[in-house]
Amino acid sequence: MKYRKFGKHDLTTSEIGYGAWAIGGSWGDQDDGDSLAALNRALDLGCTFIDTAEGYGGGKSEKLIGQVLRERRAAGKEESIFVATKTPPSDGEWPPSPYCKTKERYSESYLRKNVAARMTCLGTDKLDLLQLHTWTRAWNRNPTPFKILREMQAEGKIGLIGVSTPEQDQNSVIQLMRDGWIDSVQVIYNILEQEPAAELLDVAAECGVGVIVRVAFDEGALTGKFTDETKFPDDDFRSDYFAGDRIGRVVKKVDAIKADVADSGYTMPQAALKFVLSHPAVSLVIPGIRTVYQAEANCGVSDLPAMPKDLLTKLQAHNWRRGIWYSGK
Ligand SMILES: NC(=O)c1ccc[n+]([C@@H]2O[C@H](COP(=O)([O-])OP(=O)(O)OC[C@H]3O[C@@H](n4cnc5c(N)ncnc54)[C@H](OP(=O)(O)O)[C@@H]3O)[C@@H](O)[C@H]2O)c1
(Lines give C-alpha, C1' and ligand atoms only; values in the text may rest on other atoms or scores of the structure.)
Protein backbone atom coordinates (compact mmCIF):
# COMPACT_ATOMS: atom_id res chain seq x y z
CA MET A 1 0.00 0.00 0.00
CA LYS A 2 1.28 3.48 -0.86
CA TYR A 3 0.55 6.56 1.21
CA ARG A 4 -0.08 10.19 0.29
CA LYS A 5 -0.09 13.48 2.10
CA PHE A 6 -3.58 14.69 2.96
CA GLY A 7 -3.65 18.25 1.64
CA LYS A 8 -1.55 20.62 3.71
CA HIS A 9 -2.35 18.75 6.92
CA ASP A 10 -0.02 16.85 9.17
CA LEU A 11 -1.43 13.52 7.99
CA THR A 12 -0.68 10.84 5.44
CA THR A 13 -3.33 8.37 4.38
CA SER A 14 -3.33 5.13 2.42
CA GLU A 15 -4.15 5.68 -1.26
CA ILE A 16 -7.02 3.24 -0.89
CA GLY A 17 -9.46 4.02 1.91
CA TYR A 18 -12.48 2.03 3.04
CA GLY A 19 -15.91 3.18 1.87
CA ALA A 20 -18.22 1.96 4.62
CA TRP A 21 -21.69 2.78 3.29
CA ALA A 22 -22.79 -0.73 2.26
CA ILE A 23 -21.83 -2.28 5.61
CA GLY A 24 -24.41 0.02 7.24
CA GLY A 25 -27.30 -0.95 4.97
CA SER A 26 -29.25 0.12 1.83
CA TRP A 27 -27.27 -2.26 -0.41
CA GLY A 28 -29.39 -5.42 -0.03
CA ASP A 29 -28.33 -8.30 2.23
CA GLN A 30 -25.15 -7.63 4.16
CA ASP A 31 -23.90 -9.96 6.88
CA ASP A 32 -22.21 -8.21 9.82
CA GLY A 33 -19.64 -11.01 10.02
CA ASP A 34 -18.65 -10.32 6.40
CA SER A 35 -18.44 -6.59 7.15
CA LEU A 36 -16.19 -7.09 10.19
CA ALA A 37 -13.94 -9.48 8.26
CA ALA A 38 -13.70 -7.07 5.31
CA LEU A 39 -12.80 -4.15 7.59
CA ASN A 40 -10.13 -6.19 9.36
CA ARG A 41 -8.67 -7.42 6.08
CA ALA A 42 -8.42 -3.91 4.64
CA LEU A 43 -6.67 -2.64 7.80
CA ASP A 44 -4.31 -5.64 7.74
CA LEU A 45 -3.42 -4.71 4.16
CA GLY A 46 -2.36 -1.21 5.19
CA CYS A 47 -5.58 0.79 4.72
CA THR A 48 -5.50 3.63 7.25
CA PHE A 49 -8.63 5.60 6.33
CA ILE A 50 -12.31 4.70 6.76
CA ASP A 51 -15.22 6.82 5.54
CA THR A 52 -18.59 6.48 7.21
CA ALA A 53 -21.68 8.54 8.10
CA GLU A 54 -24.68 8.64 10.39
CA GLY A 55 -26.78 7.91 7.31
CA TYR A 56 -25.17 4.51 6.75
CA GLY A 57 -27.71 2.55 8.77
CA GLY A 58 -28.43 5.26 11.36
CA GLY A 59 -25.02 4.77 13.02
CA LYS A 60 -24.69 1.05 12.25
CA SER A 61 -21.63 1.47 10.00
CA GLU A 62 -19.99 3.69 12.65
CA LYS A 63 -20.68 1.12 15.37
CA LEU A 64 -19.11 -1.71 13.36
CA ILE A 65 -16.03 0.43 12.75
CA GLY A 66 -15.84 1.35 16.45
CA GLN A 67 -16.05 -2.34 17.33
CA VAL A 68 -13.24 -3.31 14.93
CA LEU A 69 -10.95 -0.54 16.16
CA ARG A 70 -11.59 -1.46 19.82
CA GLU A 71 -10.95 -5.15 19.17
CA ARG A 72 -7.73 -4.42 17.30
CA ARG A 73 -6.49 -2.14 20.09
CA ALA A 74 -7.34 -4.86 22.64
CA ALA A 75 -5.35 -7.34 20.54
CA GLY A 76 -2.32 -5.05 20.91
CA LYS A 77 -2.20 -3.71 17.34
CA GLU A 78 -0.29 -0.46 17.15
CA GLU A 79 -1.77 1.42 14.23
CA SER A 80 -3.22 4.79 13.52
CA ILE A 81 -6.52 4.52 11.70
CA PHE A 82 -8.19 7.74 10.62
CA VAL A 83 -12.00 7.72 10.62
CA ALA A 84 -14.03 10.27 8.69
CA THR A 85 -17.73 10.51 9.46
CA LYS A 86 -20.57 12.79 8.38
CA THR A 87 -23.38 14.80 9.88
CA PRO A 88 -26.44 15.12 7.63
CA PRO A 89 -28.61 18.22 7.60
CA SER A 90 -31.57 17.91 9.97
CA ASP A 91 -34.82 16.61 8.44
CA GLY A 92 -35.91 18.30 5.24
CA GLU A 93 -35.23 18.36 1.52
CA TRP A 94 -32.22 16.43 0.15
CA PRO A 95 -30.45 18.11 -1.50
CA PRO A 96 -31.37 21.26 0.44
CA SER A 97 -33.42 23.67 -1.66
CA PRO A 98 -32.15 27.18 -2.47
CA TYR A 99 -34.62 28.41 0.18
CA CYS A 100 -33.43 26.23 3.07
CA LYS A 101 -31.70 28.19 5.83
CA THR A 102 -28.56 26.99 7.61
CA LYS A 103 -30.13 27.84 10.96
CA GLU A 104 -32.92 25.37 10.16
CA ARG A 105 -30.76 22.54 8.72
CA TYR A 106 -27.40 22.87 10.54
CA SER A 107 -28.21 24.86 13.70
CA GLU A 108 -25.63 25.05 16.48
CA SER A 109 -27.67 22.92 18.89
CA TYR A 110 -28.29 20.32 16.17
CA LEU A 111 -24.63 20.18 15.13
CA ARG A 112 -23.42 19.83 18.73
CA LYS A 113 -25.94 17.08 19.48
CA ASN A 114 -25.16 15.24 16.27
CA VAL A 115 -21.38 15.39 16.75
CA ALA A 116 -21.85 13.96 20.25
CA ALA A 117 -23.91 11.13 18.75
CA ARG A 118 -21.19 10.41 16.15
CA MET A 119 -18.67 10.11 18.99
CA THR A 120 -20.92 7.71 20.88
CA CYS A 121 -21.44 5.48 17.84
CA LEU A 122 -17.71 5.40 17.03
CA GLY A 123 -16.73 5.04 20.69
CA THR A 124 -14.38 8.01 20.73
CA ASP A 125 -14.14 11.41 22.43
CA LYS A 126 -12.73 13.15 19.35
CA LEU A 127 -13.69 12.81 15.68
CA ASP A 128 -10.72 12.65 13.28
CA LEU A 129 -12.71 14.29 10.49
CA LEU A 130 -16.28 15.52 10.54
CA GLN A 131 -17.80 16.20 7.13
CA LEU A 132 -21.10 17.94 6.50
CA HIS A 133 -22.89 15.30 4.43
CA THR A 134 -24.20 17.80 1.91
CA TRP A 135 -24.27 21.49 1.13
CA THR A 136 -25.95 24.01 -1.12
CA ARG A 137 -24.54 26.96 -3.03
CA ALA A 138 -27.21 29.07 -1.32
CA TRP A 139 -25.21 28.89 1.93
CA ASN A 140 -21.82 30.01 0.59
CA ARG A 141 -22.30 33.67 1.51
CA ASN A 142 -22.93 32.91 5.15
CA PRO A 143 -21.36 29.53 5.99
CA THR A 144 -22.28 29.68 9.69
CA PRO A 145 -22.19 25.86 10.14
CA PHE A 146 -18.46 25.89 9.46
CA LYS A 147 -17.94 28.71 12.00
CA ILE A 148 -19.62 26.49 14.58
CA LEU A 149 -17.51 23.48 13.55
CA ARG A 150 -14.33 25.58 13.81
CA GLU A 151 -15.35 26.39 17.41
CA MET A 152 -15.81 22.69 18.11
CA GLN A 153 -12.41 22.05 16.52
CA ALA A 154 -10.84 24.61 18.89
CA GLU A 155 -12.59 22.83 21.78
CA GLY A 156 -10.82 19.60 20.75
CA LYS A 157 -13.96 17.70 19.70
CA ILE A 158 -13.06 17.52 16.00
CA GLY A 159 -9.71 17.12 14.22
CA LEU A 160 -10.39 18.19 10.64
CA ILE A 161 -13.51 19.67 9.04
CA GLY A 162 -14.79 18.75 5.62
CA VAL A 163 -17.74 18.69 3.27
CA SER A 164 -19.13 16.09 0.93
CA THR A 165 -20.24 17.67 -2.32
CA PRO A 166 -23.90 17.77 -3.34
CA GLU A 167 -23.89 15.56 -6.45
CA GLN A 168 -26.06 17.94 -8.49
CA ASP A 169 -23.69 20.90 -7.92
CA GLN A 170 -20.29 19.65 -6.86
CA ASN A 171 -18.62 22.94 -7.80
CA SER A 172 -20.60 24.75 -5.11
CA VAL A 173 -17.88 23.88 -2.58
CA ILE A 174 -15.10 25.63 -4.52
CA GLN A 175 -15.82 28.94 -2.79
CA LEU A 176 -15.64 27.22 0.61
CA MET A 177 -12.14 26.00 -0.22
CA ARG A 178 -11.03 29.45 -1.40
CA ASP A 179 -12.45 31.03 1.76
CA GLY A 180 -10.58 28.57 3.99
CA TRP A 181 -13.65 26.97 5.61
CA ILE A 182 -12.78 23.34 4.90
CA ASP A 183 -9.78 21.08 5.46
CA SER A 184 -11.05 18.33 3.14
CA VAL A 185 -13.54 17.74 0.37
CA GLN A 186 -15.26 14.50 -0.60
CA VAL A 187 -16.08 14.43 -4.28
CA ILE A 188 -17.48 12.12 -6.99
CA TYR A 189 -14.75 11.68 -9.59
CA ASN A 190 -14.54 8.67 -11.92
CA ILE A 191 -14.16 7.66 -15.57
CA LEU A 192 -17.76 8.70 -16.25
CA GLU A 193 -17.84 11.83 -14.04
CA GLN A 194 -14.79 13.96 -14.78
CA GLU A 195 -16.15 17.46 -14.21
CA PRO A 196 -14.06 17.94 -11.01
CA ALA A 197 -10.95 17.92 -13.25
CA ALA A 198 -12.13 21.24 -14.71
CA GLU A 199 -11.60 23.30 -11.56
CA LEU A 200 -12.48 21.69 -8.23
CA LEU A 201 -9.44 19.41 -7.97
CA ASP A 202 -6.98 22.15 -8.92
CA VAL A 203 -8.48 24.58 -6.41
CA ALA A 204 -8.23 21.90 -3.71
CA ALA A 205 -4.53 21.46 -4.50
CA GLU A 206 -3.94 25.23 -4.47
CA CYS A 207 -5.69 25.59 -1.11
CA GLY A 208 -4.09 22.51 0.51
CA VAL A 209 -7.47 20.81 0.93
CA GLY A 210 -7.39 17.00 1.29
CA VAL A 211 -9.33 15.28 -1.50
CA ILE A 212 -11.33 12.10 -0.80
CA VAL A 213 -12.78 10.55 -3.96
CA ARG A 214 -16.03 8.64 -3.60
CA VAL A 215 -18.06 6.47 -6.04
CA ALA A 216 -15.00 5.56 -8.15
CA PHE A 217 -16.98 2.58 -9.54
CA ASP A 218 -20.14 4.60 -10.26
CA GLU A 219 -21.92 2.46 -7.66
CA GLY A 220 -20.48 -0.72 -9.19
CA ALA A 221 -21.04 -0.02 -12.90
CA LEU A 222 -17.37 0.70 -13.60
CA THR A 223 -16.34 -2.69 -12.23
CA GLY A 224 -17.75 -3.93 -15.55
CA LYS A 225 -19.85 -6.67 -13.96
CA PHE A 226 -23.32 -5.38 -14.83
CA THR A 227 -25.30 -6.33 -17.94
CA ASP A 228 -28.58 -5.09 -19.44
CA GLU A 229 -30.27 -7.84 -17.40
CA THR A 230 -28.80 -6.90 -14.01
CA LYS A 231 -31.51 -6.44 -11.38
CA PHE A 232 -31.09 -5.25 -7.80
CA PRO A 233 -33.19 -6.29 -4.80
CA ASP A 234 -35.78 -3.76 -3.59
CA ASP A 235 -33.72 -3.03 -0.46
CA ASP A 236 -30.66 -2.15 -2.57
CA PHE A 237 -30.65 1.59 -3.38
CA ARG A 238 -29.35 0.67 -6.83
CA SER A 239 -32.84 -0.61 -7.75
CA ASP A 240 -33.67 3.13 -7.93
CA TYR A 241 -30.30 4.47 -9.00
CA PHE A 242 -30.21 2.16 -12.03
CA ALA A 243 -33.99 2.09 -12.61
CA GLY A 244 -35.72 2.03 -16.00
CA ASP A 245 -33.37 2.38 -18.97
CA ARG A 246 -30.45 3.56 -16.87
CA ILE A 247 -28.77 0.16 -16.48
CA GLY A 248 -28.76 -0.34 -20.26
CA ARG A 249 -27.38 3.15 -20.85
CA VAL A 250 -24.57 2.80 -18.33
CA VAL A 251 -23.66 -0.73 -19.54
CA LYS A 252 -23.27 0.65 -23.08
CA LYS A 253 -20.90 3.35 -21.80
CA VAL A 254 -18.94 0.84 -19.74
CA ASP A 255 -18.62 -1.55 -22.71
CA ALA A 256 -16.83 1.21 -24.63
CA ILE A 257 -14.49 1.74 -21.66
CA LYS A 258 -13.82 -2.01 -21.48
CA ALA A 259 -12.56 -1.93 -25.07
CA ASP A 260 -9.97 0.70 -24.13
CA VAL A 261 -8.91 -1.09 -20.93
CA ALA A 262 -8.76 -4.56 -22.55
CA ASP A 263 -5.04 -4.75 -23.38
CA SER A 264 -3.79 -2.61 -20.50
CA GLY A 265 -3.13 -5.41 -18.02
CA TYR A 266 -5.65 -3.84 -15.60
CA THR A 267 -9.00 -5.33 -14.72
CA MET A 268 -11.89 -2.87 -14.87
CA PRO A 269 -11.96 -2.25 -11.08
CA GLN A 270 -8.20 -1.69 -11.14
CA ALA A 271 -8.46 0.75 -14.05
CA ALA A 272 -11.30 2.62 -12.31
CA LEU A 273 -9.21 3.15 -9.15
CA LYS A 274 -5.95 3.90 -10.98
CA PHE A 275 -7.74 6.49 -13.13
CA VAL A 276 -8.77 8.37 -9.97
CA LEU A 277 -5.32 8.06 -8.37
CA SER A 278 -3.70 9.50 -11.51
CA HIS A 279 -4.88 12.99 -10.60
CA PRO A 280 -2.19 14.64 -8.47
CA ALA A 281 -4.73 16.55 -6.34
CA VAL A 282 -6.33 13.32 -5.12
CA SER A 283 -5.32 12.28 -1.59
CA LEU A 284 -7.14 8.94 -1.63
CA VAL A 285 -10.00 6.99 -3.14
CA ILE A 286 -12.58 5.23 -0.96
CA PRO A 287 -14.11 2.33 -2.92
CA GLY A 288 -17.13 0.78 -1.25
CA ILE A 289 -16.03 -2.54 0.27
CA ARG A 290 -18.37 -5.21 1.64
CA THR A 291 -16.36 -8.46 1.46
CA VAL A 292 -12.86 -9.76 2.14
CA TYR A 293 -12.48 -10.34 -1.61
CA GLN A 294 -13.22 -6.68 -2.35
CA ALA A 295 -10.86 -5.53 0.44
CA GLU A 296 -8.04 -7.54 -1.13
CA ALA A 297 -8.83 -6.63 -4.74
CA ASN A 298 -9.14 -2.91 -4.01
CA CYS A 299 -6.27 -2.49 -1.54
CA GLY A 300 -4.02 -4.38 -3.97
CA VAL A 301 -4.52 -1.71 -6.64
CA SER A 302 -2.25 0.77 -4.85
CA ASP A 303 0.86 -1.32 -5.56
CA LEU A 304 0.16 -1.77 -9.28
CA PRO A 305 2.05 0.44 -11.74
CA ALA A 306 0.60 3.92 -12.28
CA MET A 307 -1.74 4.33 -15.23
CA PRO A 308 0.22 5.01 -18.43
CA LYS A 309 -0.40 8.42 -19.99
CA ASP A 310 -1.84 7.03 -23.23
CA LEU A 311 -4.50 4.99 -21.40
CA LEU A 312 -5.32 7.98 -19.20
CA THR A 313 -5.85 10.11 -22.30
CA LYS A 314 -8.11 7.46 -23.85
CA LEU A 315 -10.19 7.23 -20.66
CA GLN A 316 -10.57 11.00 -20.44
CA ALA A 317 -12.67 10.75 -23.60
CA HIS A 318 -15.33 8.76 -21.68
CA ASN A 319 -16.50 11.72 -19.58
CA TRP A 320 -20.31 11.50 -19.59
CA ARG A 321 -22.41 14.58 -18.98
CA ARG A 322 -25.47 12.62 -18.04
CA GLY A 323 -26.84 14.88 -15.33
CA ILE A 324 -27.89 13.41 -12.01
CA TRP A 325 -29.92 10.28 -11.56
CA TYR A 326 -32.23 10.89 -8.68
CA SER A 327 -34.57 8.11 -7.71
CA GLY A 328 -38.08 8.41 -9.05
CA LYS A 329 -37.06 10.50 -12.05
N1 LIG B 1 -22.86 11.77 -0.32
C2 LIG B 1 -21.81 11.15 0.15
O3 LIG B 1 -21.08 11.67 0.94
C4 LIG B 1 -21.50 9.74 -0.34
C5 LIG B 1 -22.31 9.13 -1.31
C6 LIG B 1 -21.94 7.87 -1.78
C7 LIG B 1 -20.81 7.25 -1.28
N8 LIG B 1 -20.06 7.85 -0.28
C9 LIG B 1 -18.86 7.18 0.28
O10 LIG B 1 -18.05 6.70 -0.78
C11 LIG B 1 -17.88 5.28 -0.67
C12 LIG B 1 -17.77 4.67 -2.04
O13 LIG B 1 -18.95 4.85 -2.79
P14 LIG B 1 -20.02 3.70 -2.99
O15 LIG B 1 -19.77 2.62 -2.03
O16 LIG B 1 -21.35 4.36 -3.00
O17 LIG B 1 -19.78 3.21 -4.49
P18 LIG B 1 -18.59 2.61 -5.34
O19 LIG B 1 -17.33 2.66 -4.58
O20 LIG B 1 -18.66 3.23 -6.68
O21 LIG B 1 -19.08 1.08 -5.51
C22 LIG B 1 -18.99 0.21 -4.43
C23 LIG B 1 -19.59 -1.16 -4.75
O24 LIG B 1 -18.93 -1.80 -5.84
C25 LIG B 1 -18.84 -3.21 -5.56
N26 LIG B 1 -17.41 -3.54 -5.55
C27 LIG B 1 -16.45 -3.02 -4.73
N28 LIG B 1 -15.23 -3.49 -5.04
C29 LIG B 1 -15.39 -4.33 -6.08
C30 LIG B 1 -14.50 -5.11 -6.85
N31 LIG B 1 -13.18 -5.08 -6.63
N32 LIG B 1 -15.00 -5.86 -7.85
C33 LIG B 1 -16.33 -5.87 -8.11
N34 LIG B 1 -17.24 -5.15 -7.40
C35 LIG B 1 -16.77 -4.38 -6.40
C36 LIG B 1 -19.53 -3.45 -4.23
O37 LIG B 1 -20.92 -3.71 -4.41
P38 LIG B 1 -21.50 -5.16 -4.80
O39 LIG B 1 -20.60 -6.19 -4.22
O40 LIG B 1 -22.89 -5.19 -4.25
O41 LIG B 1 -21.50 -5.17 -6.29
C42 LIG B 1 -19.41 -2.10 -3.57
O43 LIG B 1 -20.37 -1.85 -2.57
C44 LIG B 1 -19.10 4.83 0.16
O45 LIG B 1 -18.92 3.56 0.74
C46 LIG B 1 -19.18 5.97 1.15
O47 LIG B 1 -18.19 5.82 2.16
C48 LIG B 1 -20.39 9.09 0.17
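Shown above is the structure to which this text applies.
Presented here is a report on the structure given in the accompanying data block. From a predicted model like this one, the values you see are computed outputs, not experimental measurements.

1. Considerations on the overall build of the protein chain
Turning to step 1, where the next piece is worked out: Each helix and strand counted, the protein chain has 12 helices and 10 strands in total.
Turning to step 2, where the next piece is worked out: Against the 2.2 N^0.38 benchmark of 20 Å for 329 residues, the protein chain shows a C-alpha radius of gyration of 19 Å, consistent with a compact globule.
Turning to step 3, where the next piece is worked out: The principal-axis extents of the C-alpha atoms in the protein chain amount to approximately 55 × 50 × 40 Å.
Turning to step 4, where the next piece is worked out: A total of 329 residues make up the protein chain; the buried ones form 44% of that total.
Turning to step 5, where the next piece is worked out: Counting only contacts in the protein chain whose residues sit at least 6 apart along the sequence, the fraction spanning at least 24 positions is 78%.

2. Some words on the nonpolar core
Turning to step 1, where the next piece is worked out: Within the largest apolar cluster, 86 residues are counted, with the highest numbers of intra-cluster contacts made by Val-211, Val-213 and Val-285.
Turning to step 2, where the next piece is worked out: Here the element with the most residues in this core is helix H10 (residues 268–277); it accounts for six residues.
Turning to step 3, where the next piece is worked out: Setting aside residues no more than four positions away along its own chain, Val-213 makes contact with Val-187, Tyr-189, Val-276, Val-282, Val-285 and Ile-286.

3. A look at the pairing of strand E8 (residues 184–188)
On a regular strand, each side chain points to the face opposite its neighbour's, so the side chains alternate between the two faces of the sheet.
Turning to step 1, where the next piece is worked out: Burial of E8 is extensive: four of the five residues sit out of reach of the surface.
Turning to step 2, where the next piece is worked out: Inspection of the sheet shows strand E7 (residues 158–164) paired to E8 by three bridges, in the parallel sense. Bridge pairing in E8 places Val-163 opposite Val-185.
Turning to step 3, where the next piece is worked out: Of the pairings in the sheet, the one linking E8 to strand E9 (residues 210–214) comprises five bridges and is parallel in character.

4. Topic: helix H9 (residues 246–261)
Turning to step 1, where the next piece is worked out: With 16 residues, H9 should reach 22 Å at 1.5 Å per residue; the first-to-last C-alpha distance of 22 Å fits that figure.
Turning to step 2, where the next piece is worked out: Every buried residue belonging to H9 is among Ile-247, Val-250, Val-254, Ile-257 and Val-261, and all of these are buried. Each buried residue of H9 sits inside an arc of 90° when the element is viewed along its axis, so together they form one side. In H9, the exposed residues that point more than 90 degrees away from the buried face are Lys-252, Asp-255, Ala-256 and Ala-259.

5. A look at the environment of Lys-5
Turning to step 1, where the next piece is worked out: Its location among the elements puts Lys-5 in strand E1 (residues 3–5).
Turning to step 2, where the next piece is worked out: Along the sequence, Lys-5 and Val-285 sit 280 residues apart, while their C-alpha atoms lie 13 Å from each other.

6. Section: the sheet that holds strand E10 (residues 284–285)
Turning to step 1, where the next piece is worked out: Strand order across the open sheet formed by eight strands is E3-E4-E5-E6-E7-E8-E9-E10, with parallel pairing between neighbours. Either end of the sheet is taken by a strand with one partner, and the two such strands are strand E3 (18–19) and E10.
Turning to step 2, where the next piece is worked out: Where E3 lies against strand E4 (residues 49–51), two bridges are found, and the strand directions are parallel. Bridge pairing in E4 links Gly-19 to Asp-51.

7. Details of H10
Turning to step 1, where the next piece is worked out: Of all 10 residues in H10, eight are buried, a share of seventy percent or more.
Turning to step 2, where the next piece is worked out: Along H10, the residues classified as buried are Pro-269, Ala-271, Ala-272, Leu-273, Lys-274, Phe-275, Val-276 and Leu-277.
Turning to step 3, where the next piece is worked out: Buried residues along H10 sit in contact with E9, H9, E10, helix H11 (292–299) and helix H12 (309–316).

8. Notes on the site of the ligand
Turning to step 1, where the next piece is worked out: The environment of the ligand is made up of 27 residues, and the closest members are Gly-19, Ser-164, Arg-214, Phe-217 and Gly-288.
Turning to step 2, where the next piece is worked out: With three residues, H11 is the single largest residue contributor to the shell around the ligand.
Turning to step 3, where the next piece is worked out: Classifying every residue of the shell around the ligand by side-chain character gives 12 nonpolar, nine polar and six charged.

Conventions we followed
Residues numbered from 1 in each chain as written. Predicted model: local features only at pLDDT ≥ 70, side-chain atom pairs only at ≥ 80, totals over all residues. Helix = DSSP H or I, 4+ residues; strand = E, 2+ residues; numbered from the N terminus. Rg over C-alpha atoms; globule rule 2.2 N^0.38 Å. Buried ≥ 20, exposed ≤ 12 C-beta atoms within 10 Å, placed from the backbone. Contact = placed C-beta atoms within 7 Å. Core = buried A, V, L, I, M, F, W, Y, C linked by C-beta atoms within 7 Å. Pairing = 2+ DSSP bridges. Expected span 1.5 Å × (residues − 1). Arc of directions from axis to C-beta. Near = placed C-beta within 6 Å. Nonpolar A, V, L, I, M, F, W, Y, C, P; charged D, E, K, R; others polar.

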